[in-house]
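Commentary on secondary and tertiary structure
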Amino acid sequence: MKIVIAVIKPFKLDEVREALAGIGVAGMTVSEAKGFGRQKGQTEIYRGAEYAVNMLPKVRLEIATSDELAPKIVETIREAANTGTIGDGKIFVLDLGEAVRIRTGETGETAL
């Protein structure tokens, strides 16, 4: 099993979610996040004063999946979240040791 973690621009969330639903992803966890990378933040103007925003708003997706579906999920997110500009985000794929469904006690891939 794998866990795919993606950090994307907030306005791309619906497009990514719909693309993932189209390949059969049944669920995911979505969290609001803030961060920066090469984008280094941005400058904004508020009430005539210019100030730097160091932490930019992002959305973090977490998807637990089978080993077989993980590469397709990564490619789908990459295509749907891509704007071609700096700050599009990152995707991380990690090994998932165990999964347990709380309601039924199912474990492993059947819990996904």
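What comes next is a walk through the structure. Since the model is a prediction, treat every value here as computed from it, not as a measurement.

**Quick look at the overall build of the chain**
Check the secondary structure of the chain and you find two helices and six strands. For the chain, the succession of helices and strands along the chain, N to C, is β-α-β-β-β-β-α-β. Sorting the 112 residues of the chain into buried and exposed places 29% on the buried side. A separation threshold of at least 6 residues defines the contact pool for the chain, and within that pool the share at least 24 residues apart is 71%. When the accessible area of the chain is evaluated, it comes to approximately 7400 Å², of which 52% is carbon and sulfur surface.

**With respect to the sheet that holds strand 2 (residues 29-35)**
Strand order in the open sheet formed by four strands is 2-5-1-6, with antiparallel pairing between adjacent strands. Every other strand in the sheet has two partners, leaving strand 2 and strand 6 (89-95) as the edge strands with one partner each. In this sheet, neighbouring strand axes are inclined to one another by 20° on average, regardless of whether the strands run parallel or antiparallel. Alignment of strand 1 (residues 2-8) against strand 6, held across seven bridges, turns out to be antiparallel. Within strand 6, the position partnered with Val7 by the bridge is Lys90. Packed onto the sheet, helix 1 (residues 13-22) meets strand 1, strand 2 and strand 5 (56-65) and runs at close to 10° relative to strand 5. Sitting on the sheet, helix 2 (residues 70-81) touches strand 1, strand 5 and strand 6, and the angle it makes with strand 1 is about 5°.

**Side note on the nonpolar core**
One finds Ile8, Val16, Leu20, Ile63, Ile73 and Ile77 to be the most contacted residues of the largest nonpolar core, which totals 14 residues. For this core, the secondary structure elements donating two or more residues are strand 1, helix 1, strand 5 and helix 2. Here Ile77 is in contact with Val4, Ala6, Ile8, Val16, Leu20, Ile63 and Ile91, once residues within four sequence places are set aside.

**Overview of the side chain of Asp88**
Take Asp88: it is sitting in the loop between helix 2 and strand 6. A polar side-chain atom of Asp88 sits 2.4 Å from a polar atom in the side chain of Thr83. Those residues in contact with Asp88, other than ones at most four positions away along the chain, are Val7, Ile8, Lys9, Ala81, Asn82 and Thr83.

**Description of helix 2**
Across its 12 residues, helix 2 extends 16 Å between first and last C-alpha, which sits within 8% of the 16 Å expected from 1.5 Å per residue. Residues of helix 2 that are buried include every one of Ala70, Ile73, Thr76, Ile77, Ala80 and Ala81, and no others. Looking straight down helix 2, one finds that the buried residues subtend no more than 125° of arc, so they occupy a single side. In helix 2, the exposed positions that point more than 90 degrees away from the buried face belong to Pro71 and Glu79. Packing partners of the buried residues in helix 2 comprise strand 1, helix 1, strand 5 and strand 6.

Calculation criteria
- Residues numbered from 1 in each chain as written.
- Predicted model: local features only at pLDDT ≥ 70, side-chain atom pairs only at ≥ 80, totals over all residues.
- Heavy atoms only, no water.
- Helix = DSSP H or I, 4+ residues; strand = E, 2+ residues; numbered from the N terminus.
- Buried < 20%, exposed > 50% of the residue type's maximum accessible area, 1.4 Å probe, protein only.
- Contact = heavy atoms within 4.5 Å.
- Areas by Shrake-Rupley, 256 points an atom, 1.4 Å probe, with all protein chains shown as cover.
- Pairing = 2+ DSSP bridges.
- Axes fitted to C-alpha atoms, helices over the stretch in contact; angles between N-to-C directions.
- Core = buried A, V, L, I, M, F, W, Y, C linked by side-chain atoms within 4.5 Å.
- Polar contact = N/O pair within 3.5 Å; in protein donor to acceptor, adjacent residues only side chain to side chain.
- Expected span 1.5 Å × (residues − 1).
- Arc of directions from axis to C-beta.

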